[in-house]
Amino acid sequence: MFAVYNERWESNNVNNTFFILGVSMSIKNITVAEFLTKHINESDKSQTEISKILGYSNPNIITMFKQGRTKLPLTKIAEMAAALEIDPIYMMKVVMSEY
């Protein structure tokens, strides 16, 4: 499982380049919906299980995230990353590229 780190970073929205502690990192051009769909489909958890981990009573919210109809709240990034067993910092960068 990944730990959440308190890193200072900033975004250059022109080319999706992020600077974390002075190191430049680029993200592939992928939407949050595509990113979530890929990782949820690869997960061994159901959408119902993921929604409960995130504190939602209705699993339809996960479908809405996957379809891009609802943005993943910033406050749920760490929980979603933990549920999908992916790097929360990378996930944060993907999500922030759409804000």
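Residues numbered from 1 in each chain as written. Predicted model: local features only at pLDDT ≥ 70, side-chain atom pairs only at ≥ 80, totals over all residues. Heavy atoms only, no water.

Enquirer: Hey, could you go over the packing of aromatic side chains for me, with residue numbers and the actual values?
Expert: For the structure shown, the criterion picks out 2 aromatic pairs. Sitting over the face of the ring of Tyr56, Lys76 holds its NZ or CZ atom 5.1 Å from the ring centroid. (Phe/Tyr/Trp six-rings, centres within 6.5 Å; stacked < 30°, edge-to-face > 60°. Lys NZ or Arg CZ within 6 Å of the ring centre and 35° of its normal.)

Enquirer: Explain the environment of Lys38 residue by residue, including any values.
Expert: Along the polypeptide, Lys38 turns up in helix 1 (residues 32–42). Take Lys38: its relative accessible area is 39%, and that puts it in the partly exposed class. (Helix = DSSP H or I, 4+ residues; strand = E, 2+ residues; numbered from the N terminus. Buried < 20%, exposed > 50% of the residue type's maximum accessible area, 1.4 Å probe, protein only.)

Enquirer: Could you give an account of helix 4 (residues 77–84), with specific residues and numbers?
Expert: Note on helix geometry: an α-helix contains 3.6 residues per turn, so any two residues three or four positions apart are oriented the same way. Restricting attention to buried positions, one finds in helix 4 the residues Ile77, Met80, Ala81, Ala83 and Leu84. End-on, the buried residues of helix 4 take up no more than an arc of 160°, which puts them together on one face. Elements that come into contact with the buried residues of helix 4 comprise helix 1, helix 2 (47–54), helix 3 (60–67) and helix 5 (88–96). Immediately beyond the C-terminal end of helix 4, within one or two residues, lies Glu85, with a positive phi of roughly 55°. (Arc of directions from axis to C-beta. Contact = heavy atoms within 4.5 Å.)

Enquirer: Hey, could you go over helix 2 for me, with residue numbers and the actual values?
Expert: For helix 2, the set of buried residues is Ile50, Ser51 and Leu54. The arc that holds every buried residue of helix 2, seen down its axis, measures 100°, which confines them to one face. The inward-facing, buried residues of helix 2 abut helix 1, helix 3 and helix 4.

Enquirer: Help me get a handle on the packing of helix 2 against helix 4, residues and values and all.
Expert: Taken N-terminus to C-terminus, the directions of helix 2 and helix 4 make an angle of 140°; their axes are 9 Å apart at the nearest point. Helix-helix and strand crossings are classified by hand; for helix 2 and helix 4 the assignment is right-handed. Note on element contacts: helix 4 touches helix 2 through Glu79, Met80, Ala83 and Leu84, opposite Ile50, Ile53 and Leu54. Each residue belonging to the contact of helix 2 with helix 4 can be placed in one class, and the counts come to 6 nonpolar, no polar and 1 charged. (Axes fitted to C-alpha atoms, helices over the stretch in contact; angles between N-to-C directions. Left-handed = near helix turned anticlockwise from the far one by under 90°. Nonpolar A, V, L, I, M, F, W, Y, C, P; charged D, E, K, R; others polar.)

Enquirer: Mind laying out the packing of helix 1 against helix 3, listing which residues take part and the relevant values?
Expert: At a minimum axis separation of 6 Å, helix 1 and helix 3 run at an interaxial angle of 130°. Looking at the two axes, helix 1 sits oblique to helix 3. Listed contacts from helix 3 to Ala33, Leu36, Thr37, Ile40 and Asn41 of helix 1 are Ile62, Phe65, Lys66 and Gln67. Class assignment for the residues of the contact of helix 1 with helix 3 results in 5 nonpolar, 3 polar and 1 charged. (Parallel < 35°, antiparallel > 145°, perpendicular 65-115°, else oblique.)

Enquirer: Explain the side chain of Ser51 to me, and be specific about the residues and the numbers.
Expert: Secondary-structure assignment places Ser51 in helix 2. Of the polar contacts made by the side chain of Ser51, one reaches the backbone oxygen of Thr48; its length is 2.8 Å. With residues up to four places along the chain from it excluded, the contact list for Ser51 reads Tyr56, Asn58, Pro59, Ile61 and Ile62. (Polar contact = N/O pair within 3.5 Å; in protein donor to acceptor, adjacent residues only side chain to side chain.)

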